[in-house]
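Each chain is listed here by its residues.
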Amino acid sequence: MTNEVRVRFAPSPTGPLHIGGVRTALFNYLFAKKYNGTFILRIEDTDKNRYVANAEQYIIDALKWCNIPFDEGPNKNEEFGPYRQSERKEIYKKYADFLIKNEKAYYAFDTAEALNEERKNHEEQKKTFIYNWHNREKGRLVNSLVLSTEEVEKRIKNGDKYVIRFKTPTNETLIMQDIIRGEVKIDTNVLDDKILFKSDGMPTYHLANIVDDHLMKISHVIRGEEWLPSMALHILLYRAFDWKAPEFAHLPLILKPTGKGKLSKRDGDKLGFPVFPMEYLNETTNEVSRGYKEDGYFNDALINMLAFLGWNPGTEQELFSLDELIQVFDLKKVNKAGARFDLDKTKWFQNQYLQNKNNTDLVELFNPIIDANLDGNGFKDFNTEYRTKVISLIKERATFVSDFWNLSNFFFITPLEYDVKASKKAWKEDTNNLMEELIVILTAITDFSTENIETKVKEWITSKEIGFGKIMQPFRLSLVGAMKGPHIFDIASMLGKEETISRIQKACATL
């Protein structure tokens, strides 16, 4: 790729960043970094009615947590700034005026009431109202195509409200190229004359988007499938300005787990999973939305999962670091069809990343949980080495760090109660006597290592010619309080001789 690659992620600050938006940002980032290009964040805040005050900072924080930082953007390397569209208002007016002057756009003075009346009349005739070549110069529509220049100037001078509409070319088959979807054709006669400049003096997405992409020298527009219907207008706008258009790539939708329809927050709420990267507080309603970060997911696991929503490297490999994703990413391997969100697969990625994490790093995450649960109640002080060993014994059964405590609490706190069902099954009439004998065996062991305890206890059980279950089940119940946990002799060795014997004695006295 010879020309400099410059791509942008351009979210609207109307609420939290959906994982679909994160995936769009990720694919832009991967593409930029693969070709040593620039990844830009632009805030498209022209819709003041839907603007949410804390949304921009949330977007920036979310991208930072996901480890996909922008190279240019608000308050960072602002060579082509400002990067908030609300701060570029005067720029857009100039280009809107250029289109008017060159007869590529026109003023429209139609009121909302008049347009609603037109829609109503069309509905009565079982037709759909489209403001375009069919009617822009006839009927009750009021615009600069039917008014004299003097009348237009008079209306503007009097402060009459108006919008600026694009004058869509007629009788043309527009042939466009999309990197993912190939050739796309559209008959310009079916397009409406989109509003480019609103009555509030702000541009619409369409004008601002094109002007900004041109001025910021964007080489590739990688965005969601929902913008595919706008591609024709955008290509025509580039042509109207006599600018070279960037290359386009429209990413497939992220679908509900059922595969039908776009994934929404409602789906996450209903099925119990987040659709936002981080927890989000709606400052108006005080509603808190769940986030992957707070739910315990690792950012690299989330990114790996999102990369596979709509893209596939064409190999059997599924686990990729961010650097590896950059190396293998190819827009031509992005699917056209929507990508179904799979919660089980998302948890699988999290599990894989957890298993591959260094235990020393995991103990740092586990420490606050341990300390909060212990609150001085542990049977001894637990140093880092002990805590790290605990993680090594239980993490294969975990998906999240938050799972660790339930899997390992018996390593820190003597059981206060015993599983009722397990107790009935494991504790028989002769169990107390057998456990007393087991205490004698354990007391005699000087090397309280896993291997030595296992050898001595199994030799004793064999010599008594009884089933292993008669000893092992009550032994586990005594130490753990339930029939769970790793290798029982690992547990005994970790607890130490004194605590192990004490727990057996307690169980005998209780059960």
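Our structure's up above, just so we're on the same page.
The sections below set out a description of the structure shown in this document. Since the structure is predicted, the reported quantities are computational estimates derived from the model, not experimental observations.

Moving on to the overall build of the protein. When its secondary structure is counted, the protein shows 20 helices and 13 strands. Computed over the C-alpha atoms, the radius of gyration of the protein is 33 Å, more than 25% above the 24 Å expected from 2.2 N^0.38 for a compact globule of 511 residues. The principal-axis extent of the C-alpha atoms belonging to the protein is close to 110 × 50 × 40 Å. For the protein, with 511 residues in total, the buried portion stands at 49%.

A cis amide bond links Gly-81 with the next residue in sequence, Pro-82, at an omega value of 0 degrees. Counting through the fold element by element, Pro-82 comes out in the loop between α2 (55-65) and α3 (89-101). Backbone geometry at Lys-217 places phi at a positive 60 degrees, although glycine is not the residue there. Along the chain, Lys-217 falls in the loop between α6 (205-215) and β8 (220-224). Here Asp-242, not a glycine, exhibits a phi torsion of approximately 60 degrees, which is positive. Here Asp-242 shows up in the loop between α7 (231-241) and β9 (247-251).

A separate point is the pattern of salt bridges. Applying the stated criterion across every chain yields a total of 30 salt bridges. A salt bridge links Arg-8 to Asp-213; its shortest N-O distance comes to 2.9 Å. Residue Arg-8 is found in strand β1 (residues 6-9), and its partner Asp-213 is found in helix α6; the two are separated by 205 residues along the sequence. Owing to a relative accessible area of 3%, Arg-8 belongs among the buried residues under this scheme. Members of the salt-bridge network, linked through shared partners, are Arg-8, Arg-42, Glu-44, Arg-88, Asp-212 and Asp-213.

Our next topic: helix α1 (residues 19-34). In this model α1 runs 22 Å from its N-terminal to its C-terminal C-alpha over 16 residues, within 8% of the 22 Å that 1.5 Å per residue would give. Most of α1 sits out of view: 14 of its 16 residues are buried. Asn-36 lies just past α1 and shows a positive phi near 55 degrees.

At their nearest, the axes of helix α12 (residues 359-374) and helix α13 (residues 384-394) sit 9 Å apart, and the two run at 105 degrees to each other. Looking at the two axes, α12 sits roughly perpendicular to α13. Residues Asn-359, Thr-360, Leu-362, Val-363, Phe-366, Asn-367, Ile-370 and Asp-371 of α12 form the contact with α13, whose own contacting residues are Thr-384, Arg-387, Thr-388, Ile-391 and Ser-392. Considered class by class, the residues forming the contact of α12 with α13 number five nonpolar, six polar and two charged.

A word on the sheet that holds strand β3 (residues 105-108). Backbone-to-backbone hydrogen bonds pair the strands of a sheet. The strands run either parallel or antiparallel. The three strands lie next to each other as β3-β4-β7, forming an open sheet whose pairing is antiparallel. Each end of this open sheet is capped by a strand with a single partner; those strands are β3 and β7 (195-197). The sheet shows a mean angle of 45 degrees between the axes of neighbouring strands, direction not considered. Across two bridges, strand β4 (residues 163-166) lies against β7 in antiparallel orientation. Residue pairing for β7: Ile-164 is matched across the bridge by Phe-197. Against the sheet, α3 contacts β3, β4 and β7, and its axis sits at roughly 105 degrees relative to β3.

Glancing now at the pairing of β8. The side chains of a regular strand alternate between the sheet's two faces. For β8, the buried fraction is high: five of the five residues fall into the buried class. Inspection of the sheet shows β8 paired to β9 by five bridges, in the parallel sense. Counterpart to Ile-222 in the pairing with β9 is Ala-249. Traced from β8 through α7 to β9, the parallel crossover comes out right-handed.

Their axes nearest at 10 Å, the elements α6 and α7 cross at an angle of 55 degrees. Relative to α7, α6 is oriented oblique. Between α6 and α7 the crossing geometry is right-handed. Contacts between α6 and α7 involve Tyr-205, His-206, Leu-207, Asn-209, Ile-210, Asp-213 and His-214 from the first element and Leu-233, His-234, Leu-237, Tyr-238 and Phe-241 from the second. Per-class residue counts for the contact of α6 with α7 are seven nonpolar, four polar and one charged.

Geometry of an aromatic ring pair is reported as the spacing of the ring centres plus the angle between the planes. For the structure shown, the criterion picks out 32 aromatic pairs. Summarising the aromatic geometry, the rings of Phe-129 and Tyr-131 are spaced 6.3 Å apart at their centres and angled 65 degrees between planes, so their arrangement reads as edge-to-face. Given a relative accessible area of 15%, Phe-129 falls into the buried group. Take Tyr-131: its relative accessible area is 4%, and that puts it in the buried class.

The next thing to look at is the environment of Lys-470. Residue position: Lys-470 is located in helix α18 (residues 468-480). Overall, Lys-470 belongs to the partly exposed group, its relative accessible area being 34%. Through-space distance from the C-alpha of Lys-470 to that of Leu-434 is 8.4 Å; in sequence the pair is 36 residues apart. With sequence-adjacent residues up to four places away left out, Lys-470 is seen in contact with Asp-430 and Leu-434.

The next subject is the environment of Glu-385. Looking at the secondary structure, you find Glu-385 in helix α13. Judged by its relative accessible area of 65%, Glu-385 falls in the exposed class. Separated by 112 residues in sequence, Glu-385 and Lys-497 place their C-alpha atoms 18 Å apart.

Once that is clear, we can look at the nonpolar core. Core analysis: the biggest nonpolar cluster contains 58 residues, and Leu-26, Phe-27, Leu-30, Leu-63, Ile-68 and Phe-341 have the highest contact counts within it. The leading source of residues in this core is α1, at nine residues. Core analysis: the second largest hydrophobic core is formed by 53 residues, Phe-298, Ile-394, Ile-461 and Ala-492 among them.

What follows deals with the side chain of Glu-56. Summarising the element assignment, Glu-56 is placed in helix α2. Residue class for Glu-56 comes out buried when judged on its relative accessible area of 10%. A polar atom in the side chain of Glu-56 sits 2.9 Å from the side chain of Arg-84. With residues up to four places along the chain from it excluded, the contact list for Glu-56 reads Pro-13, Ile-43, Pro-74 and Arg-84.

Definitions and cut-offs
- Position numbers for residues start from 1 in each chain and track the written sequence from start to end.
- Confidence filtering applies because this is a predicted model: local features only for residues at pLDDT of at least 70, side-chain atom pairs given and counted only at 80 or more, and all residues used for totals across whole chains, interfaces and linings.
- The side-chain numbers reported here are obtained from all heavy atoms of the structure, hydrogens and water having been left aside.
- Helix numbers and strand numbers start at the N terminus; a helix is a DSSP run of H or I with at least 4 residues, a strand a run of E with at least 2.
- Only C-alpha atoms enter the radius of gyration, while the globule expectation follows 2.2 Å times N to the 0.38, with N the number of residues.
- Using a 1.4 Å probe on the protein chains alone, a residue whose accessible area is under 20% of its type maximum counts as buried, one over 50% counts as exposed, and one in between counts as partly exposed.
- A carboxyl oxygen of Asp or Glu within 4 Å of a side-chain nitrogen of Lys or Arg is what we treat as a salt bridge.
- In a helix, the anticipated span is given by 1.5 Å times the number of residues less one.
- Note on geometry: axes are C-alpha line fits, over the in-contact stretch for helices, and angles between N-to-C directions span 0 to 180 degrees.
- Working definition: roughly parallel below 35 degrees, roughly antiparallel above 145 degrees, roughly perpendicular at 65 to 115 degrees, and oblique for all remaining angles.
- Whether two residues are in contact is decided by their heavy atoms, any of which lying within 4.5 Å being enough.
- Each residue receives one of three labels: charged for Asp, Glu, Lys and Arg, nonpolar for Ala, Val, Leu, Ile, Met, Phe, Trp, Tyr, Cys and Pro, and polar for the others, Gly being one of them.
- Two strands pair if DSSP finds at least two bridges between them.
- If the strands point away from the viewer and the path from the first strand over the helix to the second runs clockwise, then the crossover is right-handed.
- The sense of a crossing depends on the near helix, which, turned anticlockwise from the far helix by less than a right angle, makes the crossing left-handed and, turned clockwise, makes it right-handed.
- We call Phe, Tyr and Trp rings a pair once their centres come within 6.5 Å, taking the six-membered ring for Trp, and we label the pair stacked below 30 degrees between planes, edge-to-face above 60, and tilted otherwise.
- Here the nonpolar core consists of buried residues drawn from Ala, Val, Leu, Ile, Met, Phe, Trp, Tyr and Cys, with membership extended through side-chain atoms lying within 4.5 Å.
- Nitrogen and oxygen atoms within 3.5 Å of one another constitute a polar contact, given that in protein one can donate a hydrogen and the other can accept it, and given that sequence-neighbouring residues count only through two side-chain atoms.

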